[in-house]
Amino acid sequence: MPIQGVNDKAMDHPPILDPEQVYHWLRDHPNFFQDHPDLLPSAINASGRVFSIEAGKLDQLRRQNEQTREQLEEMMHRIRHNEEIYHAFHRVQMALLDAEDLAELVRAATAGLEETFAISRVTMALCDGPDGLGLTRDRRPPILEDRLFLLAAESIAQVLGSPPQPVIRVGQEGANRHLFFGSRGGEIRSEALIPLVVRSGEEVRLLGSLNLGGTVANRFLPNYSTDLVQDLADVITLCLRKMIPVQ
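Just so you know, these numbers come straight off a predicted model, no measurement behind them.

A.B. asks: I would appreciate a short explanation of the overall build of the protein in the present structure.
C.D. replies: Scanning the protein from N- to C-terminus turns up 9 helices and 7 strands. Within the span of the protein, comprising 247 residues, buried residues form 35% of the whole. Considering only intrachain contacts with a sequence separation of at least 6, the fraction spanning at least 24 residues in the protein is 63%.

Shown next, in the form of structure tokens:
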């Protein structure tokens, strides 16, 4: 028997509610899903708690917030890492400036770098005689025999080029490593050779090289950044020029 006031057509086709009407109705009745949890879609149920109809938006904002937090943590990690590198280079530079003799200076530039940055072997090479700073093998302190090498200027320039530039060599590229690493040359599998130069205007005079060697092939690769090491090499050159009286 039909209900009075309701025709059959209306019973067969109930009115379609506008989503905006549903939204505002639920906003006016915030406890509806708490009173009828069986009507809440399972996708927005979690841990037995009932979320509001805006849970989807909230979850999206949380995910975005988490991504932002992870990006910020990664950025802060890089900043802290860069600060550590800066302070480490600063300590080495201070040791160079505090050196009282050539042996102490070379140790700060070589063994000091090894200890600070876990590099397998660090040495220095200078052009022999007047092409460098006038230092010769007979004037080199014996304690530096396997740390400071006196080489013909042509030998260093052949590797570093003209004008001299930092050089990264990997694997079999370093056929003459014994010149730059002495008795340890056979252990080196990758190396970074950094020019020691004196600049006067546009003129660049090659004095030698700061040599960083790794016992694994991937310790120094072609994309290795040499900017900070080149800055340190410039400080070493300045200290050497003050330390060694040119003859």
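After presenting the structure, the write-up continues.
A.B. asks: I would appreciate a short explanation of the packing of helix α5 (residues 102-109) against helix α9 (residues 227-243) in the present structure.
C.D. replies: Helix-helix packing: each pair is described by the crossing angle between the helix axes and the interaxial distance. Direction vectors running N to C along α5 and α9 enclose 170°, while the axes themselves pass 11 Å from each other. Looking at the two axes, α5 sits roughly antiparallel to α9. Contacts between α5 and α9 pair Leu 102, Leu 105 and Ala 109 from the former with Ile 236, Cys 239, Leu 240 and Met 243 from the latter.

A.B. asks: In this structure, what is going on with the side chain of Thr 237? I would like to understand it.
C.D. replies: Within the secondary structure, Thr 237 is located in helix α9. Apart from the residues within four sequence positions on either side, Thr 237 is in contact with Leu 196, Val 197, Val 198 and Leu 207.

A.B. asks: When you look at the pairing of strand β4 (residues 148-151) in this model, what are you seeing that I'm missing?
C.D. replies: Successive residues of a regular strand alternate their side chains across the two faces of the sheet. Residues Leu 148 and Leu 150 of β4 are buried on one face, and the alternating residues Phe 149 and Leu 151, pointing to the opposite face, are buried as well. Summarising the sheet, strand β3 (residues 121-127) and β4 pair through 4 bridges and their orientation is parallel. When the sheet's bridge partners are listed, Cys 127 is paired in β4 with Leu 151.

A.B. asks: Any chance you could explain α5 here in plain terms?
C.D. replies: Given 3.6 residues per turn, any residue in an α-helix points the same way as the ones three and four places further on. Restricting attention to buried positions, one finds in α5 the residues Leu 102, Leu 105, Val 106, Ala 108 and Ala 109. For α5, the angular spread of buried residues about the axis comes to 160°, placing them on one side.

A.B. asks: How do you make sense of the pattern of salt bridges when you look at a structure like this?
C.D. replies: As a working rule, side chains carrying opposite charge can pair if their charged atoms are close by. The full count for this structure, using the stated rule, is 12 salt bridges. Between Arg 69 and Glu 73 there is a salt bridge, and its shortest N-O distance comes to 2.4 Å. Placement of the pair is Arg 69 and Glu 73 together in helix α4 (residues 55-98), with a separation of 4 residues, close to one helical turn. In this structure Glu 73 comes out as partly exposed when scored by relative accessible area, which is 43%. Linked through salt bridges whose partners overlap, the residues forming this network are Glu 114, Arg 121, Asp 146 and Arg 147.

A.B. asks: Help me understand unusual backbone geometry in this model?
C.D. replies: Glycine aside, residues mostly have negative phi, and peptide bonds are mostly found in the trans state. In this structure, Pro 163 follows Ser 162 across a cis peptide bond, with omega equal to 0°. Among the structural elements, Pro 163 can be located in the loop between α7 (153-160) and β5 (167-170). Positive phi outside glycine occurs at Ala 118, with the angle close to 55°. You can see Ala 118 is positioned in the loop between α6 (111-117) and β3. Exposure remark for Ala 118: the relative accessible area of 63% places this residue in the exposed category.

A.B. asks: Looking at this structure, I do not really get the side chain of Arg 169. What am I missing?
C.D. replies: Along the chain, the position of Arg 169 falls in strand β5. In terms of polar contacts, Arg 169 uses its side chain to reach the side chain of Asn 176, at 2.9 Å.

Thresholds, definitions, all that
Residues numbered from 1 in each chain as written. Predicted model: local features only at pLDDT ≥ 70, side-chain atom pairs only at ≥ 80, totals over all residues. Heavy atoms only, no water. Helix = DSSP H or I, 4+ residues; strand = E, 2+ residues; numbered from the N terminus. Buried < 20%, exposed > 50% of the residue type's maximum accessible area, 1.4 Å probe, protein only. Contact = heavy atoms within 4.5 Å. Axes fitted to C-alpha atoms, helices over the stretch in contact; angles between N-to-C directions. Parallel < 35°, antiparallel > 145°, perpendicular 65-115°, else oblique. Pairing = 2+ DSSP bridges. Arc of directions from axis to C-beta. Salt bridge = Lys/Arg side-chain N within 4 Å of Asp/Glu carboxyl O. Polar contact = N/O pair within 3.5 Å; in protein donor to acceptor, adjacent residues only side chain to side chain.

So, to be careful, I would describe these as geometric facts and stop short of saying anything about function.
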